[in-house]
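# Results of the structural survey
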Amino acid sequence: MTTSAELGLSALTVAPGGVATTTLTVRNDLDIVEAYTLEAVGDCAAWTTIEPARVSLFPGTSETVTVRLAPPRSPSARAGDFPLGIRVLPTERPELVTVPETTVTVTPFHELQAALAPRRRRGWLRGRYRGSVRNLGNAPATVVLTPGQAGEDLRFRVTPERLRLEPGESGELRVQARARKLIWFGKPASWPFEVTVGPEQGADGKGAGGKDANGQGPDGKGPGGDTTAADPTPVQRPVLEGEFVQLPIFPWWLLALLAALIALLLAWFALVRPAVRSSAKQAAEKAVAQQIPTPTPAPAAAAPDGGAPTPPGGASPGGQTKPGAGQSTSGPGGRTTGPGGLAVPGTGQQSSATIDVQTANAAAAVGSYQVPHGKVFDITDIVAANFQGDQGLLTITAGNQTITTIALETFRNQDYHWVTPIQVSEDQTVTASVTCESPGTPASGKQAATCHELLNISGTLSDLRQGN
């Protein structure tokens, strides 16, 4: 005594998106009333249903149920031949389980999804685009892109020439549109074009849909109406629209500017230059006339009546001196310094130093530069860098003088310059005090763990004159 089950068809074919049915006959050869649970197993189980899924049979009786196959029209329902089994499991005697099998053929269908990005490019000679293609069919496909334009103004190149995609797989192809010649002057030119996406042509000149090399099917249908024997639905061939805007090498406003410059030059040489030369000549002649001295009588060698001779050096008889007499001027090395002392002339050298201060969050730190012994540092430039965008407070001091206090969040780079240098004497320090409230975010995009500031000081470092 056993359980017997038999499928109505030994093989059946179903198209994705369609429905195929067969029957299953279950017979109870036992001597007891038995209930049977019916379950589909195998690759087709996900889209196979049994109605009803449970039957109860008296001894010696049988019942026929319907097996319905409805594969979805998606890449998950792969094309090909797959086994389908129906497990017939008795409730009272589970050891008498049986699994009748059949072969299910899933027919292929072809569907492509494509996009072109960007849709418009601007350039002098060429534009580059990215074509993305996804295989929405249930069979592998080799995809090609066929660009085209109404005229012969553009040439195209597709890289790679073909792309093989498994069901559900996506890929990219690069399309380059190149103009045949440059536009030197004038307005931009717009060249629209189309890119047809479809399966590769077969060895017989026909594609996956049975088209010839001109895109026509056996019935004369165009790209949107070709079909296959296994897949009667039309093979869709997406058409992507693109545009290349060719820019001129020299824009139109440059011609207008050149014309205006030429007109100005002509006006200069024709009108302005002669007038300027005439005015300059008159001014030069006037200056030469003013330089010619007027004759004056020679001074007497001695005063009459035994008077004293005129003293040399320009002093008048009344004891007055000429303007500027008796006054002294200071030479290049005569500048005196402040409280730091006197710098030795001719020993100054350009010098700079960098103070690097790193501070933990909610903490304070001080960086400093000490002027060497026997030197005087004349500061002319200070550059503060807050490259992370930290938040907090920065105080700059030179010796006992506070130069500035500034909030970090108000700047990224801040510089200070002085005509009269700030002098820092030997053994004194230039300090940068940083109070960190919140570290900023540098160019890497990740917030820093500590505040980080840089202070660059520049100026002249001179020897200090010792003694009086």
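All of the points below concern the structure found in this document. (Residues numbered from 1 in each chain as written. Predicted model: local features only at pLDDT ≥ 70, side-chain atom pairs only at ≥ 80, totals over all residues. Heavy atoms only, no water.)

### Description of the pattern of salt bridges
Evaluation of the coordinates by the stated rule reveals seven salt bridges. In this structure, the salt-bridge partner of glutamate 39 is arginine 87, at a minimum N-O distance of 2.9 Å. Placement of glutamate 39 in strand S4 (residues 34-42) and of arginine 87 in strand S8 (residues 80-90) is noted, with a sequence separation of 48 residues between them. Between arginine 78 and glutamate 166 there is a salt bridge, with its nearest N and O atoms 3.6 Å apart. Note that arginine 78 is positioned in the loop between strand S7 (62-69) and S8 and glutamate 166 in the loop between strand S15 (163-165) and strand S16 (170-179), a separation of 88 residues in sequence. Given a relative accessible area of 33%, glutamate 166 falls into the partly exposed group. Look at the salt bridges and you will find they share partners, linking Arg119, Arg120 and Glu243 into a network. (Salt bridge = Lys/Arg side-chain N within 4 Å of Asp/Glu carboxyl O. Helix = DSSP H or I, 4+ residues; strand = E, 2+ residues; numbered from the N terminus. Buried < 20%, exposed > 50% of the residue type's maximum accessible area, 1.4 Å probe, protein only.)

### Points about the packing of aromatic side chains
Under the criterion given, the structure shown has six aromatic pairs. Considering the side-chain rings of tyrosine 129 and phenylalanine 193, the 5.3 Å spacing of their centres and the 75 degrees angle between planes classify their relative orientation as edge-to-face. Of this pair, tyrosine 129 sits in strand S12 (residues 126-135) while phenylalanine 193 sits in strand S17 (residues 189-199), placing them 64 residues apart in sequence. With respect to class, tyrosine 129 is no different from phenylalanine 193; both count as buried. Among the aromatic side chains, those forming a connected cluster through ring pairs are Tyr129, Phe156 and Phe193. (Phe/Tyr/Trp six-rings, centres within 6.5 Å; stacked < 30°, edge-to-face > 60°.)

### Let's talk about the side chain of aspartate 378
Here aspartate 378 shows up in strand S21 (residues 375-385). In terms of polar contacts, aspartate 378 uses its side chain to reach the side chain of glutamine 423, at 3.3 Å. (Polar contact = N/O pair within 3.5 Å; in protein donor to acceptor, adjacent residues only side chain to side chain.)

### A short note on the state of the cysteines
This structure, assessed with the given rule, holds one disulfide. Disulfide pairing is shown between cysteine 436 and cysteine 451; the S-S distance is 2.0 Å. The S-S bond linking cysteine 436 to cysteine 451 shows a torsion near 60 degrees; that makes this disulfide right-handed. Taken together, the residues span a long stretch of sequence, with cysteine 436 in strand S25 (residues 429-438) and cysteine 451 in strand S26 (residues 450-463) at a distance of 15 residues. A relative accessible area of 0% means that cysteine 451 is categorised as buried. (Disulfide = S-S within 2.5 Å.)

### Some words on the side chain of glutamine 388
When you line up the elements, glutamine 388 lands in the loop between S21 and strand S22 (391-398). Polar contacts involving the side chain of glutamine 388 include one to the side chain of aspartate 390, which spans 3.0 Å. Beyond its immediate stretch of four places on either side in the chain, glutamine 388 contacts Arg412, Gly440, Thr441, Pro442, Ala448, Thr450, Cys451 and His452. (Contact = heavy atoms within 4.5 Å.)

### Section: the sheet that holds strand S13 (residues 141-148)
In spatial order, the strands read S11-S18-S17-S13-S15; together these five strands make up an open sheet with mixed pairing. What marks the edges here is a single partner per strand, and that holds for strand S11 (120-123) and S15. Ignoring which end each strand starts from, the neighbouring axes of this sheet average 30 degrees apart. (Pairing = 2+ DSSP bridges. Axes fitted to C-alpha atoms, helices over the stretch in contact; angles between N-to-C directions.)

### Remarks on the sheet that holds strand S20 (residues 364-370)
Reading across the sheet, the four strands line up as S20-S25-S22-S23 and stay open at both edges, with antiparallel pairing between neighbours. Each edge of the open sheet carries a strand with a single partner, namely S20 and strand S23 (401-407). In this sheet, neighbouring strand axes are inclined to one another by 15 degrees on average, regardless of whether the strands run parallel or antiparallel. Both S22 and S25 contribute to a ladder of eight bridges, which runs antiparallel. By the bridge assignment, glutamine 391 is partnered in S25 with serine 438.

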